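Architecture at a glance
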2 protein chains.
Amino acid sequence: MAARGRPRTFDPDTALRQALELFWERGYEGTSLKDLADAMGIASASIYACFGSKEELFRKVMALYGATSGEPPRRALREQPTARAAIHAMLRATADEITRPGAPHYCMLILAAPTGAVENHAIREFLAGLRHDQFTAIGDRLARGVADGDLAAPSAGLDAVARYYTTVVQGLSVQARDGATRAELEEIITCAMAAWGALTSAPSHI
Amino acid sequence: MAARGRPRTFDPDTALRQALELFWERGYEGTSLKDLADAMGIASASIYACFGSKEELFRKVMALYGATSGEPPRRALREQPTARAAIHAMLRATADEITRPGAPHYCMLILAAPTGAVENHAIREFLAGLRHDQFTAIGDRLARGVADGDLAAPSAGLDAVARYYTTVVQGLSVQARDGATRAELEEIITCAMAAWGALTSAPSHI
DNA sequence: TCCTTTATTTATCGAACGACAAACAAGCCG
DNA sequence: CGGCTTGTTTGTCGTTCGATAAATAAAGGA
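The shown structure was predicted, so the numbers you read here are calculated from the model rather than taken from an experiment.

Observations regarding the protein's contact with DNA strand C
- In the region of DNA strand C, 23 residues are neighbours, and Ser32, Leu33 and Tyr48 of chain A together with Arg6 and Phe10 of chain B sit closest.
- Counted by atom, the contact set of DNA strand C within 4 Å of the protein is 70% sugar and phosphate.
- The contact in question runs from a phosphate oxygen of DNA strand C to an N or O atom on the backbone of threonine 9 of chain B, over 2.9 Å.
- Of all the secondary-structure elements, those providing two or more residues to the surface near DNA strand C are helix 2 (33–40) and helix 3 (44–51) of chain A together with helix 3 (44–51) of chain B.
- Broken down by element, the residue count for the surface near DNA strand C peaks at three residues, all from helix 3 of chain A.
- Of the residues belonging to the surface near DNA strand C, the class tally is ten nonpolar, seven polar and six charged.

Next comes the structure, spelled out in structure tokens:
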């Protein structure tokens, strides 16, 4: 418990946030250890001592990212009363996050490392796993809607609808990256939600 | 006209196709000149002599990519008789291309270089421009539908609908990258087209 | 034939890459 | 204090990066 040895001269949480900023700006392979060390204000050897390696640092960065930027969409899915409202609010929360002033306009899960050198295959798998979690969360929320009675089992299949809205989330990220405004994302979301009525047969009293 | 000097010992078109394969597998930054030279069967100096630089080679690769993989979706937009059929066929042609056996399952315009090092900004801008062309082509096709009388001007706005279907195309690429099958992409497309009726008010006799 | 032109080979450039070893510094504990 | 533990600094490891200069090779034209 007691602090043995020489104390750290930097705050790991602060350094992690600075690493997040840089990885977010440039993606995984586009960010070098020298860039990171400069931005974090420490030597690269301290990165290894504190965080393990570039890859482990990135994984910790993504944990922070998920706990911050990922929370509003997750909360929307969790707290909205109906499946339809949850999906709609999740899309809007996503749009908020990927057009936030002062941060890069895209979702790191989707665009931080979609392709790259062979030796970074593990990172791509890691991100693909997180994307699969997104899909699962959406599918689970739809299933809850069925259980709650606010959503009739869609004729298209729950998985198909979940995959569709996952696709919209992922497409939104590319749109934001290409400079789409929050208002333009809202229009896209309106279009995407226009499919809801045809996809589902929600009881009319909801 | 006459072939002056020592003739080339390799076929630039073949070499370009081999470069396309490698860039497609690994993205722009993930592919090194050594990788390219090995795959193309020539020395890196010959790449510079024939193609200029890594960046110029990539631009030529993308021209080839657009002329081959890009053609079926473009043809769908061009040749289908109504806007609705054109959008639907374009989405299905896209799905065909990004699940083609023997090729990576994603669209290079979207995922070959969405993020990266600062010095490769020009490449990202280049790809962003090609993505904008996609959006424009979709918007133009919708406008033609209005002119042809098979599509009433959508209340949501033509641009919004065009941006929506562009978003779906881009999301499909991430889905394919994550292992979605052609059948699963078809389900997504069905969901995306389910919005059409609500977005537009096509004359019922079409 | 020899000159010009173009292509290929070979070798290498300086810089940056991720990663780490060794030496030094700063705290607690006995 | 003197040892122990931990963090930081410094320097450098071997590799790879994109890019090119110089030397060699193979064709046509005079």
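Alright, that's what it looks like, and here's the rest.
Focus on the UniProt feature "DNA-binding region" (unreviewed entry) in chain A
- Cross-referencing UniProt, the feature "DNA-binding region" (unreviewed entry) maps to residues 32–51 of chain A in the present numbering.
- The distance from the first to the last C-alpha atom of residues 32–51 of chain A is 15 Å, and the span holds 80% helix and 0% strand.

Describing the protein's contact with DNA strand D
- Around DNA strand D, the surrounding shell holds 23 residues, and the nearest of these are Arg6 and Thr9 of chain A together with Ser32, Leu33 and Tyr48 of chain B.
- Each atom of DNA strand D within 4 Å of the protein belongs either to a base or to sugar and phosphate, the latter forming 69%.
- Here serine 32 of chain B contributes a side-chain N or O atom positioned 3.0 Å from a phosphate oxygen of DNA strand D.
- The side chain of lysine 54 of chain B places a nitrogen or oxygen atom 2.9 Å from a phosphate oxygen of DNA strand D.
- Every element with two or more residues in the surface near DNA strand D is listed here: helix 3 of chain A together with helix 2 (33–40) and helix 3 of chain B.
- In terms of residue count, helix 3 of chain B provides more of the surface near DNA strand D than any other element does, three residues in total.
- When grouped by side-chain class, the residues that make up the surface near DNA strand D number ten nonpolar, seven polar and six charged.

Examining the pattern of salt bridges
All names here are of chain A.
- Per the stated rule, a full pass over the model turns up 29 salt bridges over all chains.
- Note that aspartate 148 and arginine 144 form a salt bridge whose closest N and O atoms lie 3.3 Å from each other. Residue aspartate 148 and its partner arginine 144 are both found in helix 8 (residues 121–148); the two are separated by four residues, about one turn of the helix.
- Judged by its relative accessible area of 47%, aspartate 148 is partly exposed.
- Its relative accessible area of 32% is what places arginine 144 among the partly exposed residues.
- The closest approach of N and O atoms between arginine 182 and glutamate 186, which form a salt bridge, is 2.8 Å. Of the two residues, arginine 182 and glutamate 186 both sit in helix 10 (residues 182–193), four residues apart, roughly one turn of that helix.
- Residue arginine 182 is classed as partly exposed on the basis of its relative accessible area of 23%.
- Sharing partners across several salt bridges, the network here consists of Glu71, Arg74, Arg75, Arg78 and Glu79.

Notes on the packing of aromatic side chains
- Taken as a whole and judged by the stated rule, the model has twelve aromatic pairs over all chains.
- Aromatic pair phenylalanine 23 of chain B and tyrosine 28 of chain B: ring centres 5.9 Å apart, planes at 10°, arrangement stacked.
- Residue classification places tyrosine 28 of chain B among the buried positions, given a relative accessible area of 4%.
- Among the aromatic side chains, those forming a connected cluster through ring pairs are Phe23, Tyr28 and Phe58 of chain A.
- Above the face of the tyrosine 28 of chain B ring, lysine 54 of chain B is positioned so that its terminal group lies 4.6 Å from the ring centre.
- Here the basic side chain of arginine 59 of chain B rests over the ring of phenylalanine 126 of chain B, its NZ or CZ set 4.7 Å away from the ring centre.

Some points on the interface of chain A and chain B
- Contact residues are listed per partner, giving 40 residues for chain A and 40 residues for chain B.
- Carbon and sulfur atoms supply 61% of the area buried between chain A and chain B, which totals about 3,200 Å² over both sides.
- It is Thr115, Arg163 and Cys191 of chain A that lose the most area in chain A upon contact with chain B, and together they represent 18% of the buried surface on that side.
- If you look at where chain A meets chain B, you find four salt bridges.
- Inspection of the chain A/chain B interface yields 13 residue pairs in polar contact (both at pLDDT 80 or more).
- With 13 residues, the single largest contributor to the side of chain A that touches chain B is helix 9 (residues 158–177) of chain A.
- The residue inventory of the side of chain A that touches chain B, partitioned by class, reads 22 nonpolar, nine polar and nine charged.

Some points on the packing of helix 2 of chain A against helix 3 of chain A
All names here are of chain A.
- Relative orientation of the contacting elements helix 2 and helix 3 amounts to 85°, with a least axis distance of 9 Å. When the interaxial angle is binned, helix 2 and helix 3 end up roughly perpendicular. When helix 2 is examined against helix 3, the residues Leu33, Leu36, Ala37 and Met40 are found in contact with a partner set consisting of Ser44, Ile47, Tyr48 and Phe51.
- Split into classes, the residues belonging to the contact of helix 2 with helix 3 amount to seven nonpolar, one polar and no charged.

About the cut-offs
- Residues numbered from 1 in each chain as written.
- Chains lettered and ligands numbered in written order.
- Predicted model: local features only at pLDDT ≥ 70, side-chain atom pairs only at ≥ 80, totals over all residues.
- Heavy atoms only, no water.
- Near = heavy atom within 4 Å.
- Polar contact = N/O pair within 3.5 Å; in protein donor to acceptor, adjacent residues only side chain to side chain.
- Helix = DSSP H or I, 4+ residues; strand = E, 2+ residues; numbered from the N terminus.
- Nonpolar A, V, L, I, M, F, W, Y, C, P; charged D, E, K, R; others polar.
- UniProt positions renumbered as here; feature names shortened; annotations may be inferred.
- Salt bridge = Lys/Arg side-chain N within 4 Å of Asp/Glu carboxyl O.
- Buried < 20%, exposed > 50% of the residue type's maximum accessible area, 1.4 Å probe, protein only.
- Phe/Tyr/Trp six-rings, centres within 6.5 Å; stacked < 30°, edge-to-face > 60°.
- Lys NZ or Arg CZ within 6 Å of the ring centre and 35° of its normal.
- Contact = heavy atoms within 4.5 Å.
- Buried area = accessible area lost by both parts, 1.4 Å probe.
- Axes fitted to C-alpha atoms, helices over the stretch in contact; angles between N-to-C directions.
- Parallel < 35°, antiparallel > 145°, perpendicular 65-115°, else oblique.

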